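For reference, the chains in residue letters:
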Amino acid sequence: MREIIKHRPGKIFLFVLAISIIGMLYVTKYFTKPILFFGWMTLPFVCGVIFILIWLVAYLIYFFKYWPYR
Amino acid sequence: MELFALSLFGLIILLIAVYGYKISAKTAEDYMLAGRGIGIIVMFFFVLFAISSAWTFYGYPGFLYLHGPCYVYFVWGCVAGFAALYMFLGPRLWAIARLNRFLSPVEALSERYESKPLRLVLAVILLAFIVPYIGIQPIGVGLGFQALTGISPIVGILYTTILLIFIVLLGGMRITAWVNVLLGIIYATAFFGSLIWIVSKLFPGGLSEAASIIAIKRPELLTAPGPKGYFTSVTIGGALIVGLLALSWPHIVISTMTAQDKSIFKWIPLLTFVAGGLLFYSIPFIWGSIVAPAVSHMDGTLVLPVVGKAADNIVQTIITKHLPGWFSTFVLMGVIAAAISTAAVQLMTAAILISRDLIHGFFKPGAKDEQLIKWTKVAVIGIIIFSLGIALWNPVALALYLTRVAVPGFAQWAPALVGGILWKRGTKQGALTGAIAGTVYLIAGFIHPPLVFGLGNPLIPTLIVNVILYIIVSLLTPPPSKQVERRFFDEVDEFLSQ
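Residues numbered from 1 in each chain as written. Chains lettered and ligands numbered in written order. Predicted model: local features only at pLDDT ≥ 70, side-chain atom pairs only at ≥ 80, totals over all residues. Heavy atoms only, no water.

**Q** I'd love a proper account of the overall build of chain A, names of residues and values included.
**A** The secondary structure content of chain A amounts to two helices and two strands. Helices (α) and strands (β) of chain A occur, in sequence order from the N terminus, as α-β-β-α. A compact globule built from 70 residues would reach a C-alpha radius of gyration of about 11 Å, whereas chain A, at 15 Å, exceeds it by more than 25%. Once the C-alpha set of chain A is aligned to its principal axes, its extents read approximately 45 × 20 × 15 Å. (Helix = DSSP H or I, 4+ residues; strand = E, 2+ residues; numbered from the N terminus. Rg over C-alpha atoms; globule rule 2.2 N^0.38 Å.)

As structure tokens, then:
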């Protein structure tokens, strides 16, 4: 992680991850609403899938293009 | 039929362990860290199924079944936490251990902080929280045995314990990792297959039909705060943070030290996100939050709603009632696989802490490899007996033990671990003060919950105290020596840059 914070792409990568965690905490206030996606996917599940997808895309871009030890 | 299949399954695992014994190099490095030669595929199965214990089949769906879908936040946190371990800490810890031939992460930290007392403190803390968790796994299987065959849980407990002992004694870390590939495939197939079969048999309209039954009969199971009001915004957010601390689970941290090369750290997060987070962990979620409650609340159900600790067995009960006996046996094999794949890694990790960090570190520093391996094996036997005793003496629901006891306990070495690897200014005084204060506060919170503000999970306040003390005391005490800076930072940077 020391190598990640030393350059701009790494800082952007960490910023995206941090924002996604804050977003996960923020959306919890909507979990009282009975919303189902595709007829069965509850909000906490859908939010988590989006959260993992954000981490996945950020990781793919950073680790395969910018990570100094790649 | 069931007993024959389970005997054959056990025999295959034993044969793999014997094969592992034959090909092993008989060195401490080979026995404890698989010769630092684990490649990408084995590493993925090793880690994913070291994480996916009997808890994934019993505790997690059971808790979702009782309290609604918000507990999934813990798992989302865990997925991110495991990936973070491999992205942020893993490469450096791997390089430190490889350059200095360390066999345990606690040994690495004790050298990094130049402190033998820290080695003692961290080893004792980790052992205190990992050992009881090992015993819970065979007991979970014992209950599964009982649900399937009607035989006393003792038989299942003994069966699992014997397999565990053989795998770890004969094969060490290498065979523990290899066996996880086989066990993981069996577990994932059984878990996913049972879900597909039950849904197609009971809900022709698919998961939407199952969800609509819950929406009509128990709509509170689809939203926060859940039927019992457990999940507020604070507890849901807390579950995510507790999950993120998965990066400090000792049996996962040690896996980074077994990696063959640094490319492992580039690829494992991909598998963690896709195969672990999006695919595998969706299975217990769908089981526990949609399928099991719908089965219990559908008209003419064979599986009436259950409460309390009985919810741990809900998936097994549904499978046993609705699917053929042979498939129930296969699913039980999957559960045994899950329990063994986790407990074996935990057992190995705990035994290394005892032999390498306590015995070798304090009493026999000049011991040879053969002695070290012997002590590790003796420790394995002692730990399994002790952990079973604790788990039988104080039975708790799987979900609660993991999230409320084991994870907060593991978190108490996180500041020393993260700071030791990433922060040059972290000192032994800071690490010792933080770890001791955090653990004492945690234990006090178990005894008297108002001390941790009555929070369902004591991790957050205790970790905050730990981190603050670590930072403040580190800044107030003399910095680590130049030698430490060179050995644990400069040389590591150079090595990883090659």
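Picking up where we left off.
**Q** Which residues make up the interface of chain B and chain A, and what values go with them?
**A** Contact with chain B, which involves 43 residues of that partner, is made by 40 residues of chain A. Regarding the contact of chain B and chain A, the summed buried area is about 3700 Å², with carbon and sulfur atoms giving 77% of it. If you sort the residues of chain B by the area they bury against chain A, B:Trp76, B:Phe88 and B:Lys266 come out on top, with a joint share of 18%. Where chain B packs against chain A, one counts zero salt bridges. (Contact = heavy atoms within 4.5 Å. Buried area = accessible area lost by both parts, 1.4 Å probe. Salt bridge = Lys/Arg side-chain N within 4 Å of Asp/Glu carboxyl O.)

**Q** Tell me about the packing of aromatic side chains, residues and numbers included.
**A** Residues and elements named next belong to chain B. Applying the stated criterion across every chain, the model contains 48 aromatic pairs over all chains. Taking 4.9 Å as the distance between ring centres and 75° as the angle between the ring planes, the aromatic pair formed by Tyr-230 and Phe-231 counts as edge-to-face. Owing to a relative accessible area of 25%, Tyr-230 belongs among the partly exposed residues under this scheme. For Phe-231, a relative accessible area of 3% gives the class buried. In this arrangement the basic side chain of Arg-112 is found over the ring face of Tyr-113, its NZ or CZ atom lying 4.6 Å from the centre. The lysine or arginine in question, Lys-116, covers the ring of Phe-362, its NZ or CZ lying 5.2 Å from the ring centre. (Phe/Tyr/Trp six-rings, centres within 6.5 Å; stacked < 30°, edge-to-face > 60°. Buried < 20%, exposed > 50% of the residue type's maximum accessible area, 1.4 Å probe, protein only. Lys NZ or Arg CZ within 6 Å of the ring centre and 35° of its normal.)

**Q** Now, about the packing of helix α3 (residues 40-51) of chain B against helix α13 (residues 263-280) of chain B: what can you tell me, with residues and values included?
**A** When two helices pack together, their arrangement is given by the angle between their axes and by how far apart the axes lie. All names here are of chain B. At their nearest, the axes of α3 and α13 sit 10 Å apart, and the two run at 45° to each other. Classified by the interaxial angle, the pair formed by α3 and α13 is oblique. Remark: the crossing between α3 and α13 carries right-handed chirality. Of α13, the residues touching α3 (which contributes Ile-40, Met-43, Phe-44, Leu-48 and Phe-49) are Ile-264, Trp-267, Ile-268, Leu-271, Thr-272, Ala-275, Gly-276 and Phe-280. Of the residues in the contact of α3 with α13, the class split is eleven nonpolar, two polar and no charged. (Axes fitted to C-alpha atoms, helices over the stretch in contact; angles between N-to-C directions. Parallel < 35°, antiparallel > 145°, perpendicular 65-115°, else oblique. Left-handed = near helix turned anticlockwise from the far one by under 90°. Nonpolar A, V, L, I, M, F, W, Y, C, P; charged D, E, K, R; others polar.)

**Q** Which residues make up the environment of A:Tyr69, and what are the values?
**A** Summarising the element assignment, A:Tyr69 is placed in the segment after α2 (43-65). The class for A:Tyr69 is buried, based on a relative accessible area of 5%. For the pair A:Tyr69 and A:Ile4, spaced 65 residues apart in sequence, the C-alpha to C-alpha distance is 9.8 Å. Contacts of A:Tyr69, omitting those with residues within four sequence positions, involve A:Glu3, B:Arg92, B:Lys262, B:Asp493, B:Leu496 and B:Ser497. A polar atom in the side chain of A:Tyr69 sits 3.4 Å from the side chain of B:Asp493. (Polar contact = N/O pair within 3.5 Å; in protein donor to acceptor, adjacent residues only side chain to side chain.)

**Q** Tell me about helix α7 (residues 105-112) of chain B, and please be specific about residues and values.
**A** Residues and elements named next belong to chain B. Counted residue by residue, α7 has seven buried out of eight residues, so it is predominantly covered. If you check which residues of α7 are buried, you get Pro-105, Val-106, Glu-107, Ala-108, Leu-109, Ser-110 and Arg-112. Check the buried side of α7 and you find it contacts α6 (72-100), α8 (116-149), α12 (250-256), α16 (325-363), α19 (414-422) and α22 (482-497). A side-chain oxygen of the first residue of α7 lies 3.1 Å from the backbone nitrogen of Val-106; this N-cap is Ser-104. Following α7 by one or two positions, Glu-114 adopts a phi angle in the positive range, close to 55°.

**Q** Could you give an account of the pattern of salt bridges, naming the residues involved and the relevant values?
**A** Note that side chains of opposite charge can pair when their charged atoms are close. Residue and element names in this part refer to chain B. Inspection of the entire model under this criterion finds eleven salt bridges over all chains. Put simply, Glu-111 and Arg-487 hold a salt bridge, and the shortest N to O gap is 3.5 Å. Here Arg-487 lies in helix α22 and Glu-111 lies in helix α7, a separation of 376 residues in the sequence. Looking at Glu-111, the relative accessible area reads 32%, which means it is partly exposed.

**Q** Can you tell me about the environment of B:Ile290, naming the residues and giving the values?
**A** Relative to the assigned elements, B:Ile290 resides in helix α14 (residues 282-297). As a C-alpha pair, B:Ile290 and B:Val380 span 90 residues in sequence and 39 Å in three-dimensional space. Apart from the residues lying within four places of it in its own chain, the contact partners of B:Ile290 are A:Trp40, B:Leu207, B:Ala210, B:Ala211, B:Ile214, B:Leu222 and B:Phe285.

**Q** Can you lay out a nonpolar patch on the surface for me, pointing to particular residues and giving the numbers?
**A** All names here are of chain B. Residues Phe-4, Leu-8, Leu-11, Ile-12 and Leu-15 make up a contiguous nonpolar surface patch of about 510 Å² in total accessible area. Of note, Leu-11 is situated in helix α1 (residues 2-23). Note on Leu-11: relative accessible area 47%, which makes it partly exposed. (Patch = residues over 30% accessible without salt bridge, like charges linked within 9 Å, V, L, I, M, F, W, Y side chains within 5 Å. Areas by Shrake-Rupley, 256 points an atom, 1.4 Å probe, with all protein chains shown as cover.)

**Q** Could you give an account of the side chain of B:Thr176, with specific residues and numbers?
**A** Residue and element names in this part refer to chain B. When you line up the elements, Thr-176 lands in helix α9 (residues 153-202). In terms of polar contacts, Thr-176 uses its side chain to reach the backbone carbonyl oxygen of Gly-172, at 2.7 Å. Apart from residues no more than four positions distant in its own chain, Thr-176 is found in contact with Phe-46, Ile-167, Val-168, Ala-344 and Val-345.

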